[in-house]
Amino acid sequence: MVRIGKKEKNGALYKAILTLKTEEECYAFFQDLCTVSELRAMEQRFEVAELLSQGMIYNDILERTGASSATISRVNRSLSYGAGGYEIAFERTREQ
């Protein structure tokens, strides 16, 4: 899996995200930053990741979310071989 190299990413974006304090601030920021289709795609991938981590099978996820099998597979690869970002987010949201 290809990872974004340190020289390739813009740290300012990630630092800006970390300054957001409320869900409303996040909504406003991401609505300004992303198109509606980009936001929906990210929301769908996150939902797919949650369902995969709960053990749901591909066909049920496809039916529930409308995600393509390619998207489900890509998210599954990220869960298995990615940088661990989904797991951090899941753990921290469970703590809240």
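Rules used throughout
- Residues numbered from 1 in each chain as written.
- Predicted model: local features only at pLDDT ≥ 70, side-chain atom pairs only at ≥ 80, totals over all residues.
- Heavy atoms only, no water.
- Helix = DSSP H or I, 4+ residues; strand = E, 2+ residues; numbered from the N terminus.
- Buried < 20%, exposed > 50% of the residue type's maximum accessible area, 1.4 Å probe, protein only.
- Contact = heavy atoms within 4.5 Å.
- Areas by Shrake-Rupley, 256 points an atom, 1.4 Å probe, with all protein chains shown as cover.
- Core = buried A, V, L, I, M, F, W, Y, C linked by side-chain atoms within 4.5 Å.
- Axes fitted to C-alpha atoms, helices over the stretch in contact; angles between N-to-C directions.
- Parallel < 35°, antiparallel > 145°, perpendicular 65-115°, else oblique.
- Nonpolar A, V, L, I, M, F, W, Y, C, P; charged D, E, K, R; others polar.

- Named according to an unreviewed UniProt entry, the chain is TrpR-like protein originating from Dysosmobacter acutus.

**Points about the overall build of the chain**
Working step 1: Each helix and strand counted, the chain has 6 helices and 0 strands in total.
Working step 2: For the chain, the α and β elements follow one another from N to C terminus as α-α-α-α-α-α.
Working step 3: With respect to the three principal axes, the spread of C-alpha positions in the chain is 40 × 30 × 30 Å.
Working step 4: When burial is assessed residue by residue, the chain has 16% of its 96 residues classed as buried.
Working step 5: Long-range contacts, defined here as pairs at least 24 residues apart, represent 35% of the contacts in the chain between residues at least 6 apart.
Working step 6: Surface exposure of the chain reaches about 7,600 Å², of which carbon and sulfur atoms provide 53%.

**A look at the nonpolar core**
Working step 1: Counting residues in hydrophobic clusters, the biggest one holds 11 residues: V48, A49, L51, L52, I61, A67, I72, V75, L79, Y86 and F90.
Working step 2: The set of elements that each furnish at least two residues to this core consists of α3 (36-53), α5 (69-81) and α6 (85-95).
Working step 3: Here this core gets 4 residues from one element, more than from any other, and that element is α3.
Working step 4: Not counting the four nearest positions on each side in its chain, I61 is found in contact with V48, L51, L52, M56, G66 and I72.

**Some thoughts on the packing of helix α1 (residues 11-19) against helix α2 (residues 23-33)**
Working step 1: In contact at an axis separation of 10 Å, α1 and α2 are set at 150° when each is read in the N-to-C sense. When the axes of α1 and α2 are compared, the pair comes out roughly antiparallel. In this structure, α1 contributes L13, A16, I17 and T19 to the contact, and α2 contributes E25, F29, F30 and L33.
Working step 2: Residue composition of the contact of α1 with α2, grouped by class: 6 nonpolar, 1 polar and 1 charged.

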